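The lines below spell out each chain.
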There are 2 protein chains.
Amino acid sequence: MMVLKMDDLSKLCVHTMTTKPWGIEDCVKNFSDAGIYAITIWRNVLANKNLKDVKILLDDHEMNVVSLCRGGFFPSVDAGKRESAIEDNLMAIEQAAGVGAPLIVLVGGAERGQSPEKSREQITEGIQRILPAARNAGIKLAIEPLHPMYAADRSAINTLKQANDIAEMINSEWVGVAVDVYHCWWDETLRQEIRRCAALNKLFAFHICDWNIPTTDLLNDRGLMGDGCINIQEIRGWVEDCGFKGFNEVEIFSDKYWANDQKAYLEKIKQAYLTKT
Amino acid sequence: MMVLKMDDLSKLCVHTMTTKPWGIEDCVKNFSDAGIYAITIWRNVLANKNLKDVKILLDDHEMNVVSLCRGGFFPSVDAGKRESAIEDNLMAIEQAAGVGAPLIVLVGGAERGQSPEKSREQITEGIQRILPAARNAGIKLAIEPLHPMYAADRSAINTLKQANDIAEMINSEWVGVAVDVYHCWWDETLRQEIRRCAALNKLFAFHICDWNIPTTDLLNDRGLMGDGCINIQEIRGWVEDCGFKGFNEVEIFSDKYWANDQKAYLEKIKQAYLTKT
């Protein structure tokens, strides 16, 4: 039975951003050809697309849409910009509904002109504002804490504890958390906060990649599982021990891998998934 | 009296690494000419120097030596390398004694081949090993937590809480903590951990610079105070409200500023210190 397990891709999901050079058609076709039947769709690949056509493409390939990336970016010192962010998130909900994504990943956002506490307040308000539309559409929202190196410009939510705190306060079955090992691996409270998140029924998504040593770019130098130092297998164990039955979503931003042949890279992803996670 | 305060450089200390193009002689002479009488010496500027000569140079310029940077880097999976680290830290204690530095800043270190918990154990053991020599020399040791983006390769101590925990456990008046706003600004527990650190009499040093938006390099793109997003004045207030009477140490790694005229840069540092911290 070991052989079956070693070939089991049934819990593998790949983000379209992982194979950034591909548009949505290439992603769906090549993932399917590779035996990968779960996808998280980044909104950039939906630009200028007819969502019905995309939905047909996904259905034709029996592709499981895990989530839409991404909403959020709520904070601003400018009330007009905060309203624009709400509009954009409402559009994301429509897009998610259009392609059949049951979940939207939210990156909180940050604003240099105010404290992180204030930004977290505005993130919370933003989520509460879009929650009725999400609920009506049957789409869940997952707050993804980002690594503290993004605290200044991408998210004022930088630990799983902070994401759990906000999700717990909002207290809706439609609002939970996405755990990405890249953002959280260094945190000594990670295991306890994964348990807390699961106990709250708020562990909505699990993202994997690796931390390169050295890391040469703050954004686009993530590693394939096994390239770096993250204890991915251990963290996956914590998540699954808590009853998580969702997908392992491979989300890698990498100038290096994007420059490679993407079909060969997809094979590497499969091998790394089967042996290193 | 406002004018006096606005010109008060008596609590300003500059790290030799901040003006990296200068050797120790240029640092001492130019800091002194600029009215700055406190220095933290990085060990690279002591290479191949006679420490007695350096001490005379410092004394001749009435320069207050705040600390020596840096010891630490204790963890390794290799016992021989851990012993070499101890030797190197004992040498740092001799150097600190030689130049009259009352404090050594310790950067913990990290080892990709083992868990952060294991690395923190080895850091703790390393500090305990060098503690007798430090005490005999009358030199304090300050654990500096580093930003989580350095967790893989520079330090497994990434929050002030972790540094406080270790300092508290070692429980020696010779072991405390260095707080650097660059590493800790994002942490929602910072204020409470500063208070805890001060209550333990372990707040040994305070380092300042700023977080650039965007930050283009993980190591050498730190900002001058006011360039970025860190609430330096607020954090300095927290530190001083706890009774901290030490120096504000300007520690900036910046390829951009190192490429500039260093005398003009030193004037910018003074102005930023007086108006932005």
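Worth saying up front: this structure is predicted, and the values here are computed from it rather than measured. (Residues numbered from 1 in each chain as written. Chains lettered and ligands numbered in written order. Predicted model: local features only at pLDDT ≥ 70, side-chain atom pairs only at ≥ 80, totals over all residues.)

### A word on the overall build of chain A
- Helix and strand content of chain A: 11 helices and 10 strands.
- Scaling as 2.2 N^0.38, a compact globule of 277 residues should have a C-alpha radius of gyration of about 19 Å, and chain A matches this with 18 Å.
- Principal-axis analysis of the C-alpha atoms places the extent of chain A at approximately 50 × 45 × 35 Å.
- By sequence separation, contacts in chain A at least 24 residues apart represent 78% of the contacts at least 6 residues apart. (Helix = DSSP H or I, 4+ residues; strand = E, 2+ residues; numbered from the N terminus. Rg over C-alpha atoms; globule rule 2.2 N^0.38 Å. Contact = placed C-beta atoms within 7 Å.)

### Observations regarding the packing of helix H3 (residues 51-60) of chain A against helix H4 (residues 79-99) of chain A
All names here are of chain A.
- For the pair H3 and H4, the least separation of the axes is 8 Å and the interaxial angle reads 40°. Considered as vectors, H3 and H4 are oriented oblique to each other. Across the interface between the two elements, Leu51, Val54, Lys55 and Leu58 of H3 pack against Gln95, Gly98 and Val99 of H4.
- Each residue belonging to the contact of H3 with H4 can be placed in one class, and the counts come to four nonpolar, two polar and one charged. (Axes fitted to C-alpha atoms, helices over the stretch in contact; angles between N-to-C directions. Parallel < 35°, antiparallel > 145°, perpendicular 65-115°, else oblique. Nonpolar A, V, L, I, M, F, W, Y, C, P; charged D, E, K, R; others polar.)

### Some remarks on the relation of the copies chain B and chain A
- With an RMSD of 0.0 Å, chain B superimposes on chain A once it is rotated by 180° and translated 0.0 Å along the axis. These values place the two chain copies in the arrangement generated by a two-fold rotation axis.
- Both copies present the same face, since 100% of the interface residues in chain B are matched by interface residues at the equivalent positions in chain A. (Least-squares fit on C-alpha atoms with pLDDT ≥ 70 in both.)

### Observations concerning the sheet that holds strand S3 (residues 64-72) of chain A
All names here are of chain A.
- An order of S1-S2-S3-S4-S5-S6-S7-S10 is seen for the eight strands of this closed barrel, with the pairing classed as parallel. Each strand of the sheet is rotated relative to its neighbour by a mean of 30°, with strand direction disregarded.
- Note that S3 and strand S4 (residues 103-107) share four bridges and pair parallel. Bridge assignment links Gly72 to a residue of S4, and that residue is Val107. (Pairing = 2+ DSSP bridges.)

### As for the sheet that holds strand S3 (residues 64-72) of chain B
Residue and element names in this part refer to chain B.
- The eight strands are arranged S1-S2-S3-S4-S5-S6-S7-S10 in a closed barrel whose pairing can be described as parallel. Across the sheet, the mean angle separating the axes of adjacent strands is 30° when strand polarity is ignored.
- Both strand S6 (residues 175-180) and strand S7 (residues 203-208) contribute to a ladder of four bridges, which runs parallel. Within S7, the position partnered with Val177 by the bridge is Leu203.
- Its contacts with the sheet place helix H6 (residues 160-170) against strand S5 (140-143) and S6, and it is angled at close to 165° to S6.

### Quick word on the environment of Leu141 of chain A
Residues and elements named next belong to chain A.
- Positionally, Leu141 belongs in strand S5 (residues 140-143).
- Taking the number of C-beta atoms within 10 Å as the measure of exposure, Leu141 has 29 and is therefore buried.
- Distance in space between the C-alpha atoms of Leu141 and Glu240 is 20 Å, their sequence separation being 99 residues.
- Setting aside residues up to four positions removed in sequence, Leu141 forms contacts with Ile104, Leu106, Ile127, Ala134, Trp174 and Val175. (Buried ≥ 20, exposed ≤ 12 C-beta atoms within 10 Å, placed from the backbone.)

### A look at the interface of chain B and chain A
- Opposite the 20 residues of chain B that make contact, chain A presents 20 residues.
- Partitioning the side of chain B that touches chain A into residue classes produces 11 nonpolar, six polar and three charged.

### As for the confidence of the model for chain A
- Looking at chain A as a whole, the pLDDT averages 96, with 98% of positions reaching at least 70.
- The ipTM for the predicted assembly is 0.95, set against a pTM of 0.96. (pLDDT = per-residue confidence, 0-100.)

### Side note on helix H2 (residues 24-33) of chain A
Residue and element names in this part refer to chain A.
- Taken together, the buried positions of H2 are Ile24, Cys27, Val28 and Phe31. End-on view of H2: buried residues confined to an arc of 90°, all on one side of the axis.
- After H2 finishes, the residue Gly35 shows a positive phi value of roughly 85°. (Arc of directions from axis to C-beta.)

### What about the packing of helix H5 (residues 116-137) of chain B against H6 of chain B?
Residues and elements named next belong to chain B.
- Two numbers describe how H5 lies on H6: the axes approach to 11 Å, and their chain directions differ by 45°. Between H5 and H6, the angle falls in the class oblique. Considering the relative orientation of H5 and H6, their crossing is right-handed. On H6, the residues that touch Arg120, Ile123, Thr124, Ile127 and Gln128 of H5 are Gln162, Ile166, Met169 and Ile170. (Left-handed = near helix turned anticlockwise from the far one by under 90°.)

### Brief notes about the pairing of S7 of chain B
Residues and elements named next belong to chain B.
- The buried fraction of S7 is high, at six of six residues.
- As judged from the three bridges shared by S7 and strand S10 (residues 248-250), these two strands associate in the parallel manner. Paired with His207 across the bridge in S10 is Glu249.

### Examining the nonpolar core
- Counting 182 residues, the largest nonpolar core has Ile39, Ile104 and Val177 of chain A together with Ile39, Ile104 and Val177 of chain B as the members making the most contacts within it.
- The biggest single contributor to this core is H4 of chain A, with six residues. (Core = buried A, V, L, I, M, F, W, Y, C linked by C-beta atoms within 7 Å.)

### Observations concerning helix H8 (residues 190-199) of chain A
All names here are of chain A.
- When H8 is considered as a whole, its buried residues turn out to be Leu190, Glu193, Ile194 and Cys197. All buried residues of H8 fall inside an arc of 105° around its axis, so they share one side.
- Contact partners of the buried residues in H8: helix H6 (160-170), strand S6 (175-180), helix H7 (181-184), strand S7 (203-208) and helix H9 (232-241).
- Phi turns positive, to about 60°, at Asn201, one or two residues after H8.

### Details of the environment of Asn30 of chain A
Residues and elements named next belong to chain A.
- You can see Asn30 is positioned in helix H2.
- What makes Asn30 partly exposed here is the crowd of 16 C-beta atoms within 10 Å.
- Residues Asn30 and Gln262 lie 232 residues apart in sequence; the distance between their C-alpha atoms is 9.2 Å.
- If we skip the residues at most four places from it in the chain, Asn30 touches Trp22, Lys263 and Leu266.

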